Protein chains: 4
Amino acid sequence: MKVACLTGGGDCPGLNAVIRGLVRTIANSGGETIGLLEGWRGAIEGNFIPLDPMKTDEILPQGGTILGSSRTNPYKDENLVKQVVDTFHKLELDALVAIGGDDTLGVASKLYSDYKLPTIGCPKTIDNDLSATDFTFGFDTCLNTVMDAVDKLRTTAESHRRVIVVEVMGRHAGWITCFSGIACSADAILVPEEEADLDAVCERLKRRRADGKMYGIVMVSEGAELKGQNLITKDAEIDDFGHVKLGGIGARVAKIIQKNTGIETRDVTLGHLQRGGSPSAYDRVLGTRLGIHAARLAIKKDFGKMVALRGLHIVSVPLAEAVGTMRTLYPEFMDEAGEFLK
Amino acid sequence: MKVACLTGGGDCPGLNAVIRGLVRTIANSGGETIGLLEGWRGAIEGNFIPLDPMKTDEILPQGGTILGSSRTNPYKDENLVKQVVDTFHKLELDALVAIGGDDTLGVASKLYSDYKLPTIGCPKTIDNDLSATDFTFGFDTCLNTVMDAVDKLRTTAESHRRVIVVEVMGRHAGWITCFSGIACSADAILVPEEEADLDAVCERLKRRRADGKMYGIVMVSEGAELKGQNLITKDAEIDDFGHVKLGGIGARVAKIIQKNTGIETRDVTLGHLQRGGSPSAYDRVLGTRLGIHAARLAIKKDFGKMVALRGLHIVSVPLAEAVGTMRTLYPEFMDEAGEFLK
Amino acid sequence: MKVACLTGGGDCPGLNAVIRGLVRTIANSGGETIGLLEGWRGAIEGNFIPLDPMKTDEILPQGGTILGSSRTNPYKDENLVKQVVDTFHKLELDALVAIGGDDTLGVASKLYSDYKLPTIGCPKTIDNDLSATDFTFGFDTCLNTVMDAVDKLRTTAESHRRVIVVEVMGRHAGWITCFSGIACSADAILVPEEEADLDAVCERLKRRRADGKMYGIVMVSEGAELKGQNLITKDAEIDDFGHVKLGGIGARVAKIIQKNTGIETRDVTLGHLQRGGSPSAYDRVLGTRLGIHAARLAIKKDFGKMVALRGLHIVSVPLAEAVGTMRTLYPEFMDEAGEFLK
Amino acid sequence: MKVACLTGGGDCPGLNAVIRGLVRTIANSGGETIGLLEGWRGAIEGNFIPLDPMKTDEILPQGGTILGSSRTNPYKDENLVKQVVDTFHKLELDALVAIGGDDTLGVASKLYSDYKLPTIGCPKTIDNDLSATDFTFGFDTCLNTVMDAVDKLRTTAESHRRVIVVEVMGRHAGWITCFSGIACSADAILVPEEEADLDAVCERLKRRRADGKMYGIVMVSEGAELKGQNLITKDAEIDDFGHVKLGGIGARVAKIIQKNTGIETRDVTLGHLQRGGSPSAYDRVLGTRLGIHAARLAIKKDFGKMVALRGLHIVSVPLAEAVGTMRTLYPEFMDEAGEFLK
């Protein structure tokens, strides 16, 4: 059989693990795999590279995706969808494995329902905000990157008796912020799911200083909102390049804390760093397993499905059920984190 | 309320996270926590230190355990058990949280059933071989340590066109070997659960070299057995210090591979390195959560239980059910790893 | 003898190594050491902690300084200088070791020449811009932090076919930018010592893309200037907290590159991350050696000197000669880096 | 001009940096570079690959050498020397850059003096035991690898109140052991240059334990000798594969310490790990600079020279002077380390 795969949306560590697992498993069953370049753009334009087990053997430790990625969505123009279908037939494909987030998988789901294209989905979001899977690969590597950064920031914060505000990814969901906040013993964790009460945060920072802790760490999601003022909406300008400009919330939180507490406060925005790097062991294993199981679905001709992690096991779920709903942070995690935020 | 905790058995990253989570949660409810020193030995001798949230705030990133550990088991002598019970009453404890592996938790379980001592267990084994919990903390950090080591070994193996055999922990279960083998794209994975066929391994290494891969990585559990000869039993000498001497299987596997393939082969035993280091984000979060939930069980007076991870959630299970059975590697993982071992 | 030490100015990895080396060597000779808190502020206020070999034994791997730091300069007010002299006599000190940059060491030099205070200097600047020493500790750790960050950014840059502009420390000297630029195989290196020609940079980025390199890395010092427009001066506003506001040059360079090349460009400012973390082996050894030799100067009563690295050896130079001139990047390094910037 | 390069002897991080610096600089001057495979073996057999700036652009972060290495020495057989000279002429080479240790460079030196072959040397030894250069690349990465390992071992040593003996590389020179011993705050440092007094080490470990330090770290070179018994000579067996078998000294030291002190003692041999991994910033910069300057010597037709680091500068020295004498550890370093070994 001939299988194509593509990677769409923001990149994250573990994508190459999925590709490698898929290619090897298809090859083991006697099939071949090609890689469409730059997400759905490659499917539209028929732009691809052949992939084989030897070629992909060494990509496991590499961050990012050897196929390139883009946010191209063919469903923005019905002609583009037709081109994807054409490419599928022209390349004589038996299956198409789409590795991506809600947007990328939504296309795979519609191609399956609208055109009966034999698609399979593999969930990818560094934000861990896809329902139907316990964890997405890339999330664990990201947490370790944030943790390493904050472990570094802690010593300089302490030396200068400062508060440091760390702005991390998460426009709509606080998974990264909450988990890294727990892992970094943050003094405050501000997530999009809860309106932040900065007055309470300032009181806590002052109280802890009085108790002898001469520095503070505040973790804030890029999409967090401050009580009484939605800072995102207020600053949701379009930047010079046409992107909605978020960010900057870390700097604003730092200014407010410094003004309200009198404690010298700095901010750091980790930015693209959080998407980069060689995947952690967890993400290499998870990515590899998802790639293997996506291949096995293709071999079994079990289409319109997405592979997912449930506990220790890889399962499959209907694509149509898996897409369309963002998973915000479960309240139990903020409840647990809350033990340290009193 | 007054709660004591102790850490028993081999140390691993994340123990301090559990202690910190426990101490803070107990303090938040108005209680106090003390730490018994060096596992059950501290419970026997009444040797302890007070623990408070400020004192334990900074221990999260530290590997090991601030309480020290030992393999002392009071049930080897009924008098020692009595001393533990005495210590419990003398210190006027309301609960005792034992953090440890099967041996340590077995004592906690018996103290609960035999003496109605209000014990709570928290699972700890770097080998991930405890049933009743999806993952144990320390395991993830260990995998990353092994992976980083093999990522380093790969370049020197390739430069010298060598095979490198890496001996990792796992006397009875192959979790570390199999997971790190997947994460390191090993050419062979030898675990205690399966009799290794070294002839097949040698054939594979020669075939891959013929295909152009000029180096090889073989992961082997310290407790793996070779087909036709149980190398552990054969060499199960008692060393000078009274410990059963395992180890050395990596060196023996390397010799056999070099002799059978003619390829220069070296071996590395990672040893104690695998227990050390600052916990990964995963283990910091898991340890913290387990500590919080152990405290919550104590506060609710829900004794004779062990906290455990199931999917994304922390649950509790009866101690009596949790101990006594080692969890060997699930076959599905070797099946998945097998896609790369053909 | 009784020796005091203090750490002044911005913190960096290796300060604790110096303190530990000093304390141990003084103790070996039968003396004692105290640590003045928060730089010259502690000397003014007589605020200190005792230091002994056991207490400082474990601080070697810690970033920052256990003594705290500040930018307090007593020479801004003659009364404060008097207080420093008073403190010196009141504490019955035999020597004062100041660990800091040009500002901190300048105070030590003047106290020696104006008041015959037996001071000794130890050079510290993460920017490596002190003459009289080959390298300063902290610089090497900083380079590794920047390099690790860029190694992470490279994979995400490549996946999205982007240019990433990385703004690093260096207001007046390009040591960090040039060395990390070489270590990260940057496509452009913009330092304060040279007026940057962004047109040439854009041409190079386009040419390399045409040759098949689908991403780009641009390293820029926070104090770099762009040809035809001094961006620092232009934006040298005073921020809300009274500090001169630099920064932002990375974002501006990114905008210009994106506009001129049409290539999607992002920027990351590493900020305080660069000062943090456990010191590298190089910095632990260098810091330890400087601390030992500062102690030996004190024991020999060889005052008014600064310890320094020359080749493999630690030497001493007169403080008066060592301070007052900033060392900008030697042209040979930009010449060497230039081989990759054609 | 047409330049060949080769890498000989044990691999180390930074070799690819040299190759990349050389290839780019030669290309910038209009020349071309080829890479002879597997050290002098490639020169004998005429086995090579072409190298160009695009091909080598991404190799900077990779450990090892893309050219492979071997210990083949053509001077063991005069016919082989002739073949090297033949290869040189057949490939119409204008220069030959040999990157290696004393053995590899000795060949380059003799080819220059005996056959007037235009050779240039670049020093490489992870042991830092080449005179004529301050530091060799790979050494710094190795120190960081050892330091990271010992930082991990320290927490497990402390949890179990153990001494851990760490055996590191260094058959004849103690550079790695002494520098990493300083960086790891070891309690004992045993190097080949000094006969170790294990009785004194045991006394120190017991005294420190009595003072409250509940663990110990002992660093030992693989080539260290114990007082009164030369353990290397005693065990210098030939192993099954024809290599002189050193090693094992760590295990023996551990046994002696445990027996003499009664403290539980374990040993770890870091082995091949120490040669591996992505080069540190220091080694990337040093390797790149050496490669650039080797190319510049070739362009200037300044042959029979070796590039070397002196202070901050890259210089050149006659090959004939640079080879033949091993540089053992300077006494000043053990003197400095000694402050912590009292």
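My aim in this report is to walk through the structure given alongside it, one point at a time. (Residues numbered from 1 in each chain as written. Chains lettered and ligands numbered in written order. Predicted model: local features only at pLDDT ≥ 70, side-chain atom pairs only at ≥ 80, totals over all residues. Heavy atoms only, no water.)

Examining helix 1 (residues 15–28) of chain B
Structurally, the α-helix is built with 3.6 residues per turn, so residues lying three or four positions apart point the same way.
Residues and elements named next belong to chain B.
Part 1: With 14 residues, helix 1 should reach 20 Å at 1.5 Å per residue; the first-to-last C-alpha distance of 20 Å fits that figure.
Part 2: The buried fraction of helix 1 is high, at 12 of 14 residues.
Part 3: Within helix 1, burial applies to Leu-15, Asn-16, Ala-17, Val-18, Ile-19, Arg-20, Gly-21, Leu-22, Val-23, Arg-24, Thr-25 and Ile-26. (Helix = DSSP H or I, 4+ residues; strand = E, 2+ residues; numbered from the N terminus. Expected span 1.5 Å × (residues − 1). Buried < 20%, exposed > 50% of the residue type's maximum accessible area, 1.4 Å probe, protein only.)

Here we look at the interface of chain B and chain D
Part 1: Listed per partner, the contact involves 37 residues of chain B and 37 residues of chain D.
Part 2: Scanning the region where chain B abuts chain D turns up two salt bridges.
Part 3: A salt bridge links Arg-161 of chain B to Glu-38 of chain D; the shortest N-O distance between them is 2.8 Å.
Part 4: The interface formed by chain B and chain D holds 14 residue pairs in polar contact (both at pLDDT 80 or more) in total.
Part 5: Listing elements by their share of the side of chain B that touches chain D, those giving two or more residues are helix 6 (139–159), helix 10 (249–261) and strand 13 (265–269) of chain B.
Part 6: Here the side of chain B that touches chain D takes seven residues from helix 6 of chain B, the largest share from any one element. (Contact = heavy atoms within 4.5 Å. Salt bridge = Lys/Arg side-chain N within 4 Å of Asp/Glu carboxyl O. Polar contact = N/O pair within 3.5 Å; in protein donor to acceptor, adjacent residues only side chain to side chain.)

What about the relation of the copies chain A and chain B?
Part 1: It takes a turn of 180° to lay chain A on chain B, together with a shift of 0.0 Å along the axis; the resulting RMSD is 0.0 Å. Classification of the inter-copy transformation places it as that of a two-fold axis. Of the C-alpha atoms belonging to chain A, the one lying closest to the rotation axis is found on Gly-311 of chain A, 2.0 Å away.
Part 2: Interface overlap between copies: 100% of the residues of chain A at the interface are likewise at the interface in chain B, consistent with a symmetric, same-surface contact. (Least-squares fit on C-alpha atoms with pLDDT ≥ 70 in both.)

Considerations on the packing of helix 6 of chain B against helix 7 (residues 175–183) of chain B
All names here are of chain B.
Part 1: Packing of helix 6 against helix 7 leaves a shortest axis separation of 9 Å and a crossing angle of 50°. With respect to helix 7, the axis of helix 6 lies oblique. As for how helix 6 packs across helix 7, the hand of that crossing is right-handed. Facing helix 6, whose interface residues are Phe-139, Cys-142, Leu-143, Val-146 and Met-147, helix 7 presents Trp-175, Ile-176, Phe-179, Ser-180 and Ala-183.
Part 2: Across the contact of helix 6 with helix 7, the residue classes tally to nine nonpolar, one polar and no charged. (Axes fitted to C-alpha atoms, helices over the stretch in contact; angles between N-to-C directions. Parallel < 35°, antiparallel > 145°, perpendicular 65-115°, else oblique. Left-handed = near helix turned anticlockwise from the far one by under 90°. Nonpolar A, V, L, I, M, F, W, Y, C, P; charged D, E, K, R; others polar.)

Focus: the environment of Arg-208 of chain A
Part 1: Note on placement: Arg-208 of chain A falls in helix 8 (residues 198–210).
Part 2: Residue classification places Arg-208 of chain A among the buried positions, given a relative accessible area of 9%.
Part 3: For the pair Arg-208 of chain A and Gly-287 of chain A, spaced 79 residues apart in the sequence, the C-alpha separation amounts to 41 Å.
Part 4: Dropping the residues within four chain positions of it, Arg-208 of chain A is found in contact with Ala-186, Asp-187, Lys-213, Phe-340, Leu-341 and Lys-342 of chain A together with Arg-24 of chain B.

Details of empty space enclosed by the protein
Gaps left between atoms show up when a probe the size of a water molecule is rolled over them.
Part 1: Overall, the coordinates contain 17 cavities of 30 Å³ or more when judged by the stated rule.
Part 2: Every residue lining the largest cavity is counted, 22 residues in all, and those nearest its centre are Phe-135, Phe-179 and Tyr-282 of chain A together with Tyr-282 and Leu-309 of chain B.
Part 3: Considering every element that reaches the lining of the largest cavity, the biggest residue donor is helix 11 (residues 281–299) of chain B, with five residues.
Part 4: Split by residue class, the lining of the largest cavity holds 14 nonpolar, three polar and five charged. (1 Å grid on protein atoms, 1.4 Å probe; cavity = no way out; pocket = protein on both sides within 12 Å on 5 of 7 lines; lining within 4 Å. Points joined across faces, edges and corners; volume = space filled by probe spheres on them.)

Focus: the pairing of strand 4 (residues 95–100) of chain B
All names here are of chain B.
Part 1: Burial of strand 4 is extensive: six of the six residues sit out of reach of the surface.
Part 2: In this structure, strand 1 (residues 2–7) lies alongside strand 4, joined through five bridges in parallel fashion. Bridged to Val-3 within strand 4 is Ala-95.
Part 3: Crossover handedness for the path strand 4 to helix 5 (residues 102–115) to strand 5 (residues 119–123): right-handed. (Pairing = 2+ DSSP bridges. Right-handed = clockwise from strand over helix to strand, strands pointing away.)

What about the sheet that holds strand 3 (residues 48–51) of chain D?
Residue and element names in this part refer to chain D.
Part 1: The mixed open sheet is built from seven strands, whose spatial order is 3-2-1-4-5-14-15. Strand pairing shows two members of the sheet lacking a second neighbour, strand 3 and strand 15 (313–318), which therefore form its edges. Ignoring which end each strand starts from, the neighbouring axes of this sheet average 25° apart.
Part 2: Strand contacts of helix 5 (residues 102–115): strand 1 (2–7), strand 4 (95–100), strand 5 (119–123) and strand 14 (305–310), with the helix running at about 155° to strand 4, the strand carrying the most contacts.

Considering the side chain of Arg-275 of chain D
Part 1: By the secondary structure assignment, Arg-275 of chain D is in the loop between strand 13 (265–269) and helix 11 (281–299).
Part 2: No salt bridge is formed by the buried Arg-275 of chain D, whose closest oppositely charged neighbour, Asp-11 of chain D, lies at an N-O distance of 4.6 Å. (Lys, Arg positive; Asp, Glu negative; His and termini not counted.)

Concerning the relation of the copies chain B and chain D
Part 1: The two copies are related by a screw operation: chain B maps onto chain D through 180° of rotation and 0.0 Å of translation along the axis, at an RMSD of 0.0 Å.
Part 2: Of the residues that chain B buries at the interface, 100% are likewise interface residues in chain D, meaning the two copies contact each other through the same surface.

Concerning the arrangement of the chains
Part 1: One finds no contact between chain B and chain C; the C-alpha atoms of the two approach each other to within 12 Å at their closest.
Part 2: One finds no contact between chain A and chain D; the C-alpha atoms of the two approach each other to within 12 Å at their closest.

What about the interface of chain A and chain B?
Part 1: With 52 residues of chain A at the interface, the matching set in chain B holds 52 residues.
Part 2: Contact between chain A and chain B buries roughly 4,500 Å² in total, counting both sides, with carbon and sulfur atoms accounting for 57%.
Part 3: Counting the surface chain A buries against chain B, the share from its top three residues, Leu-312, Glu-339 and Phe-340 of chain A, is 16%.
Part 4: Where chain A meets chain B, there are 12 salt bridges.
Part 5: Notably, a salt bridge pairs Asp-57 of chain A with Lys-213 of chain B, separated by 3.4 Å at the nearest N-O pair.
Part 6: Listed by contribution, the elements that provide at least two residues to the side of chain A that touches chain B are helix 1 (15–28), helix 6 (139–159), helix 7 (175–183), helix 11 (281–300), strand 15 (313–318) and helix 13 (331–337) of chain A.
Part 7: Ranked by the residues each element gives to the side of chain A that touches chain B, the list is headed by helix 11 of chain A, at nine residues. (Buried area = accessible area lost by both parts, 1.4 Å probe.)

Looking at the pattern of salt bridges
Pairing between side chains of opposite charge can happen when the charged atoms of each approach one another.
Part 1: A complete count under the given rule lists 76 salt bridges over all chains for this structure.
Part 2: Here Arg-208 of chain B ties to Asp-187 of chain B by a salt bridge, and the two come within 2.7 Å at their closest N and O atoms. With a gap of 21 residues between them, Arg-208 of chain B in helix 8 (residues 198–210) and Asp-187 of chain B in the loop between helix 7 and strand 7 (188–190) connect regions that are remote in the sequence. Here Arg-208 of chain B and Asp-187 of chain B have matching classes, each one buried.
Part 3: The salt bridge partner of Asp-187 of chain D is Lys-213 of chain D, with a shortest N-O separation of 2.8 Å. Note that Asp-187 of chain D is positioned in the loop between helix 7 (175–183) and strand 7 (188–190) and Lys-213 of chain D in the loop between helix 8 (198–210) and strand 9 (216–221), a separation of 26 residues in sequence. Each member of the pair, Asp-187 of chain D together with Lys-213 of chain D, is buried.
Part 4: Each of Arg-20, Arg-24 and Asp-57 of chain A together with Asp-187, Arg-208 and Lys-213 of chain B takes part in a single network of salt bridges with overlapping partners.

So, unusual backbone geometry
Residues and elements named next belong to chain A.
Part 1: At Lys-116, a position not held by glycine, the phi torsion is positive, near 55°.
Part 2: Examined against the element boundaries, Lys-116 turns out to sit in the loop between helix 5 (102–115) and strand 5 (119–123).
Part 3: Classification of Lys-116 by relative accessible area gives exposed; the value is 64%.
Part 4: Residues other than glycine seldom take positive phi values, yet Arg-161 does so here, at roughly 55°.
Part 5: Considering the arrangement of structural elements, one finds Arg-161 in the loop between helix 6 and strand 6 (163–168).
Part 6: Judged by its relative accessible area of 17%, Arg-161 is buried.

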